Amino acid sequence: MPQPRESQIKQYLTKYKNPVTTNGDVMNALRHYRGLQAKLSPFVFDDGTRQELCCLEGTIPVQYKGSTYNIPLCIWLMQQHPLVAPLVFVKPTADMQIKVSKHVDYNGKVYLPYLSDWSQASSDLLGLIQVLVIIFSEAPPVFARPRNARPYPAYTGQQGYPGSEPSYPYPTQPTMPYPVQPPAQPAYPTQYPPYPGAANTPYPAYPSPSQPQPSADGSATIGEEHIRASLLSAVQDKVRRRVRELSSQVQAELDVLSGTERDLQQGKTKLDETVQKLEQEQTALDERLGLLREKNAEMDAAIARMEGEEQMDIDEAVITTAPLYKQLLQTFAEENATQDAIYHLGESLGQHGIDLDVFLKQVRTLSRRQFMLRATMQKCRQRAGLSG
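This structure is a prediction, so every number in the text was calculated from the model and none was measured.

Visitor: Quick question: what am I supposed to make of the overall build of the chain here?
Guide: A tally of helices and strands in the chain yields 8 helices and 6 strands. Of the regular secondary structure in the chain, the N- to C-terminal order runs α-α-β-β-β-β-β-α-α-β-α-α-α-α. A burial count over the chain gives 33% of its 388 residues as buried. Put simply, of all contacts in the chain between residues at least 6 apart along the chain, 62% involve residues at least 24 apart. Split by element, the accessible area of the chain, about 25100 Å² in all, is 54% carbon and sulfur.

Visitor: Is there a simple way to think about the pairing of strand β4 (residues 87-90) in this case?
Guide: Walk down a regular strand and you will see the side chains alternate between the two sheet faces. Covered by surrounding structure in β4 are Leu87 and Phe89 together with Val88 and Val90, the residues of both alternating faces. Sheet topology note: the strand β3 (residues 67-77)/β4 ladder contains 4 bridges and is antiparallel. Note on β4: the bridge partner recorded for Leu73 is Val90.

Visitor: Any chance you could explain the side chain of Asp25 here in plain terms?
Guide: Of note, Asp25 is situated in helix α2 (residues 19-32). Summary of buried charges: Asp25 has no salt-bridge partner, and the nearest side chain of opposite charge, Arg31, is 8.8 Å away. At a separation of 2.9 Å, a polar atom in the side chain of Asp25 contacts the side chain of His81. Excluding anything up to four places from it in sequence, Asp25 contacts His81, Asp124, Leu125 and Leu126.

Visitor: What exactly am I supposed to notice about the packing of α2 against helix α4 (residues 125-138) here?
Guide: Geometry of a packed helix pair, given as the angle between the helix axes and the separation of the axes. One way to put it is that α2 packs onto α4 with a least axis distance of 8 Å and a crossing angle of 40 degrees. Taken together, the axes of α2 and α4 are oblique relative to one another. On α4, the residues that touch Asp25, Val26, Asn28, Ala29 and His32 of α2 are Leu125, Leu126 and Ile129. Looking at the contact of α2 with α4 residue by residue, the classes come out as 5 nonpolar, 2 polar and 1 charged.

Visitor: What exactly am I supposed to notice about the nonpolar core here?
Guide: For soluble globular proteins, the rule of thumb is that nonpolar side chains tend to be buried together. Core analysis: the biggest nonpolar cluster contains 49 residues, and Ile60, Ile75, Trp76, Leu112, Leu128, Leu132 and Phe136 have the highest contact counts within it. In this structure, Leu128 is in contact with Ile75, Pro86, Val88, Leu112, Tyr114, Leu115 and Trp118, ignoring residues within four places of it in sequence.

Visitor: What is the right way to look at a nonpolar patch on the surface in this model?
Guide: The grouping of Val235, Val239 and Val243 at the surface amounts to a nonpolar patch, some 240 Å² of accessible area in total. By the element assignment, Val239 lies in helix α5 (residues 224-307). A relative accessible area of 47% places Val239 in the partly exposed class.

Visitor: Got a minute to help me understand α4 in this structure?
Guide: Think of an α-helix as turning once every 3.6 residues; residues three or four places apart then point the same way. Taking 1.5 Å per residue, 14 residues should reach 20 Å; α4 reaches 20 Å between its end C-alpha atoms and fits that length. The element α4 is largely enclosed, with a buried count of 11 among its 14 residues. Looking at α4, one finds that the buried residues are Leu125, Leu126, Gly127, Leu128, Ile129, Gln130, Val131, Leu132, Val133, Ile135 and Phe136. Considering only its buried residues, α4 is in contact with α2, β1 (36-44), β2 (50-64), β3, β4 and α3 (113-116).

Visitor: It is not clear to me how the packing of aromatic side chains should be interpreted in this structure. Could you clarify?
Guide: We describe a pair of aromatic rings using the distance from one ring centre to the other and the angle between the two ring planes. Applying the stated criterion across every chain, the model contains 3 aromatic pairs. Ring geometry for Phe43 against Trp76: centres 4.9 Å apart, planes inclined by 65 degrees, an arrangement best described as edge-to-face. Placement of Phe43 in strand β1 and of Trp76 in strand β3 is noted, with a sequence separation of 33 residues between them. Of the residues examined, Phe43 reaches a relative accessible area of 0% and is grouped as buried. For Trp76, a relative accessible area of 1% gives the class buried. Where Tyr114 meets Trp118, the ring centres are 5.9 Å apart and the plane angle is 90 degrees; that geometry is what we call edge-to-face. We classify Tyr114 as buried; its relative accessible area is 8%. Cluster of aromatic residues (ring-pair linked, three or more members): Phe43, Phe45 and Trp76.

Visitor: I would appreciate a short explanation of the pairing of β2 in the present structure.
Guide: Counting buried positions along β2 gives 11 out of 15 residues, so the element sits mostly inside the fold. Taken together, the 9 bridges between β1 and β2 define a ladder with antiparallel strand orientation. Across the sheet, residue Gln37 finds its bridge partner in β2, namely Glu57. Count of turn residues in the β1/β2 antiparallel hairpin: 5 residues, of which Gly48 carries a positive phi of about 90 degrees. Sheet topology note: the β2/β3 ladder contains 11 bridges and is antiparallel. Looking at the pairing, Gly58 lines up with Leu73 of β3. Hairpin connection between β2 and β3: a loop of 2 residues separates the two successive antiparallel strands, and Lys65 in this loop has a positive phi of roughly 55 degrees.

Parameters and conventions
Residues numbered from 1 in each chain as written. Predicted model: local features only at pLDDT ≥ 70, side-chain atom pairs only at ≥ 80, totals over all residues. Heavy atoms only, no water. Helix = DSSP H or I, 4+ residues; strand = E, 2+ residues; numbered from the N terminus. Buried < 20%, exposed > 50% of the residue type's maximum accessible area, 1.4 Å probe, protein only. Contact = heavy atoms within 4.5 Å. Areas by Shrake-Rupley, 256 points an atom, 1.4 Å probe, with all protein chains shown as cover. Pairing = 2+ DSSP bridges. Lys, Arg positive; Asp, Glu negative; His and termini not counted. Salt bridge = Lys/Arg side-chain N within 4 Å of Asp/Glu carboxyl O. Polar contact = N/O pair within 3.5 Å; in protein donor to acceptor, adjacent residues only side chain to side chain. Axes fitted to C-alpha atoms, helices over the stretch in contact; angles between N-to-C directions. Parallel < 35°, antiparallel > 145°, perpendicular 65-115°, else oblique. Nonpolar A, V, L, I, M, F, W, Y, C, P; charged D, E, K, R; others polar. Core = buried A, V, L, I, M, F, W, Y, C linked by side-chain atoms within 4.5 Å. Patch = residues over 30% accessible without salt bridge, like charges linked within 9 Å, V, L, I, M, F, W, Y side chains within 5 Å. Expected span 1.5 Å × (residues − 1). Phe/Tyr/Trp six-rings, centres within 6.5 Å; stacked < 30°, edge-to-face > 60°.

The structure is reproduced here in structure tokens:
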């Protein structure tokens, strides 16, 4: 079966939290184990929710008693990969039967310390598959079903073992043949590099019920100890998974609440600054309003006083306090009058009211007078100590 191209695998991972890291992990595993194939399939959780997840489905070569066997399995990658450990299921074909052990339960789900102790920094798919090769070479997860035996029930995702919730589903239709006898020309090398640390680091101890050994006719004896071990493993895995889900949910809610608290604190600071600024502006506005009312009262009093008096001379309305100021006032008024006279002479010339000779003569005279007036004003301002 042809492998999907890397671009197609990237399309499978568009909804994943870390698509680049997950794609590199998948491609690395597929390069070493070409019996596996990546595809996108629906996955049903215990609560009935469905997700489209990427899975590696196919076979891995395992050495057992000097022969090479292809073990069928399916590895499901969660959308949080590699933060969350994948789920591994043994996928027996029609002529095979699951061998229950401390690592595999009745539904074919695989339990390993490598999965329970999964770490983003030190765990990956290639290491997981290498551990599976080592474990299955010691205790194969499947054996040949006798021809006259009842077929192994296909798991549909709605059934479970006694006293437990339905376990994770996996595809039931076989897609990869499982050779009961060693192939004449194995498609896989018989030697694989061991998983790093596997030779020196023993696995944590599991419950040690006696493992069923295949008999001459291919059958196996399953006792209560195996059932109990399988149930305990399933319950422990479910509890751990539930605790991780609740912890992640609570942490996400705490992050949201922390962000909301920060936003509220920032908003409170801005509101306090705005209120303080408005109070300052209100104080300044009250002061200006009081001053405006005082000036308005003074104007009303002046108007009332002027209404009772006789008509006054405009020239006598402005009284200076010193002769110098009076001279400055008179000079200013005369200079403005001179400026107006020059303006009207220009208007008359434009309307042909006067001749050009008359205009030039009068303008020359007025300009000299205006210069003298401006010089007088400048000298008066200097004597009075006025600016400019």
